[in-house]
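Structural overview for review
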Amino acid sequence: MGWISMSERDLRRIEVLSDVRAGRRTVAAAAAVLAVSERQAYRLLARYEADGGSGLIHKARGRTSNRSRNEGIRKYAVELVKTRYADFGPTLATEVLLDKHQLQVGRETLRRWMIAEGLWLSRTQRRTFHQPRLRRESYGELIQIDGSDHRWFEQRGGPCTLLVFIDDATSKLMQLRFVPSESTDSYFEALNGYLTTHGCPTAFYSDKHTVFRVNRPDAKGGSGMTQFGRALAELNIEILCANSSQAKGRVERANRTLQDRLVKELRLAGVCDMNAGNLFLPQFMKQFNEKFSVPAARAENMHRRLNVQASRLADILCHREQRHVSQQLSLAYDRRQIILERSGVADGLAGQYVEVYDFADRPLEVRWKGHLLPYRVFSKDQRVSHTAIIENKRLSHALATVKAQQELKRLPKIMTNSDKGGYKKRPRQVYGPDYKTTIAPAVEMTA
């Protein structure tokens, strides 16, 4: 007789039924211990007395299930999946087998077959592990930045985005700002406040949003960097992009905390819009940092002094692009045709490149080697372009712009023939006792 594998439940039953046979326990007590009925306890006792411990093993152990599929069906289904649908998941493969091959197999059954054949990995096998990264040692060495789109004012105001700047070494909130969306102008505005308050850090750490990184390596225009990257390069600040959201987990966890705490603080303070929210944020940042920030491993402050004048900083934190001047002294920028005014400098710029400075808070400027060139604008239809490609993070702001444009749109007034002829409708004449008639003077007729 060979070895018999028994489960823990079977061993427990042998122990209890041995006590019953030895007279140390009654059948009713054994039924209560084994969580079975008294009749079932008598059956188990009879099988134990007849066949010993092997009689307590379930009779179906080692036998094929009555509900199992035919082995030929299993091989056929696995062969189809392996040869034609190797990259399909179990759910889609089940639907395709039924639709194209009239083979009905349960989704979980096919999943087990695919896992056994190595065609599918279970959720546990597909798990990825992100090892924690140690903090930077010095304050200002690495600043993580991100935007969080949320209903910060709940139902009191519309949704907006909160730009978050947090120090990696201390978890200290460095800059918070409510903006309509994650755009270059919004980050320029927040960066201006950061540099003025703290100075220049060593590097910023962000995601791969198009504000920070040119995601198309074959992009034809530009110098290979975004406007935000160009501004940081002029300020001698490095920009690093994380490969996953877990890599910049410090700012991601801060966003989750802010979506809980900041929303409630704004509710208690009665703040309902972005302007009031930006006035409230410095007070909140002070309280937040006192509670959650930690000391850095090294006392050194890696921020460098901002040795840039305010006018020069404004020239850096703006959109700057080069445009070709045509023979008619005109250039195209942002759906507008800019015509340079005739002057001694402008007359010699045909065929040359000039630099366009697009500021957020003042009119556009056209410069050539530092000279400011006067111009006039021939503007095309200013609207969100039809079939424009809008990123997910700017979708809410783009829809708000479209809605405002549609509300401002006026239907053209169609003039009738009476309007064209200058006809004016007279009021209705009312005849009464006070009605006066005007009799034209008689004209003498002469022969």
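These lines cover the structure that appears in this document, whether it is placed above or below.

Basis of the calculations
Residue numbers restart at each chain and count upward from 1, following the sequence in its written direction. The predicted nature of this model means local features are confined to residues of pLDDT at least 70 and side-chain atom pairs, given and counted, to a pLDDT of 80 or more, with totals for whole chains, interfaces and linings taken over all residues. The basis for the side-chain values is all heavy atoms of the structure; hydrogens and waters are excluded. Helix and strand assignments follow DSSP, with helices taken as H or I runs no shorter than four residues and strands as E runs no shorter than two, numbered in order from the N terminus. Multiply 1.5 Å by the residue count of a helix minus one, and that product is the helix's expected span. One axis fitted to the seven residues ending at a residue, another fitted to the seven starting there: the angle between these axes is the bend at that residue. Burial status follows relative accessibility: with a 1.4 Å probe on protein chains alone, a residue under 20% of its type maximum counts as buried, one over 50% as exposed, and anything between as partly exposed. A contact between two residues is defined here by any heavy atoms of the two lying within 4.5 Å. Pairing between two strands requires that DSSP report at least two bridges joining them. Note on aromatic pairs: the rings of Phe, Tyr and Trp (six-membered ring only in Trp) are paired at centre separations within 6.5 Å, and the planes decide the class, stacked below 30 degrees, edge-to-face beyond 60, tilted for the rest. The convention used is that axes are lines fitted to C-alpha atoms, helices contributing only their stretch in contact, and that angles between N-to-C directions extend from 0 to 180 degrees. Working definition of a nonpolar core: buried Ala, Val, Leu, Ile, Met, Phe, Trp, Tyr and Cys residues. They are joined through side-chain atoms within 4.5 Å.

Before going further, it helps to spend a moment on helix α9 (residues 249–269). Under the 1.5 Å per step criterion, the end-to-end length of α9 is 29 Å for 21 residues, consistent within 8% with the ideal 30 Å. At L258, α9 shows its maximal kink, close to 35 degrees. Looking at α9, one finds that the buried residues are G249, R250, V251, A254, N255, L258, L262, V263 and L266. Among the structural elements, β1 (143–150), β2 (160–167), β3 (173–179) and α10 (274–292) are those in contact with the buried residues of α9. Just downstream of α9 lies G270, where phi reads positive at about 70 degrees.

Next up on the list: the pairing of strand β4 (residues 203–206). Neither face of β4 is exposed, since A203 and Y205 on one face and F204 and S206 on the opposite face are all buried. Examined bridge by bridge, β1 and β4 share two bridges and lie parallel to one another. Each residue of the ladder has a partner; that of Q144, found in β4, is Y205. Inspection of the sheet shows β4 paired to strand β5 (residues 238–241) by four bridges, in the parallel sense.

With that settled, consider the environment of V179. Inspection of the secondary structure puts V179 in strand β3. Excluding residues that lie within four positions of it along the chain, V179 makes contacts with C160, T161, L163, S186 and M274.

Let us look at the packing of aromatic side chains. Throughout the structure, instances matching the rule amount to 13 aromatic pairs. Ring centres of Y187 and F228 lie 5.8 Å apart, and the angle between their planes is 65 degrees; on these two criteria the pair is classed as edge-to-face. A residue pair is termed long-range when its members are at least 10 positions apart, and Y187 in helix α7 (residues 184–198) and F228 in helix α8 (residues 227–234) qualify at 41 residues. Pairing F284 with F288 gives two aromatic rings, centres 5.9 Å apart and planes at 40 degrees, and the pair type is tilted. Linking F284 with F288, this pair stays in helix α10, spanning four residues, or about one helical turn. Grouping residues by exposure puts F284 and F288 together as buried.

On to the sheet that holds β4, then. Pairing within the open sheet is mixed, and its five strands lie in the order β3-β2-β1-β4-β5. Pairing within the sheet leaves two strands with one partner each, and these edge strands are β3 and β5. Strand-to-strand twist of the sheet, defined as the mean angle between neighbouring strand axes without regard to direction, takes the value 25 degrees. The pairing of β2 with β3 spans six bridges and is classified as antiparallel. Looking at β3, one finds that L162 is bridged to F178. Sheet contacts for α10: β2 and β3; angle to β3, the most-contacted strand, approximately 160 degrees.

Burial runs high along β3: six of the seven residues are buried. Between β2 and β3, which pair antiparallel and follow one another directly, the connecting turn spans five residues, one of which, S171, has a positive phi of 60 degrees.

Let us now look at the nonpolar core. Inside soluble globular proteins, nonpolar side chains tend to come together where they are buried. Counting residues in hydrophobic clusters, the biggest one holds 26 residues, and the most contacted among them are F165, L195, F204, F228 and L317. Breaking this core down by element, the ones donating at least two residues are β1, β2, β3, α7, α8 and α11 (310–316). Sorting elements by how many residues they give to this core places α7 first, with six residues. Not counting residues within four places of it along the chain, the set of residues in contact with F228 comprises I145, T184, Y187, F188, L191, V211 and F212. Listed in part, the 21 residues of the second largest apolar core include W152, C160, L258 and L266.

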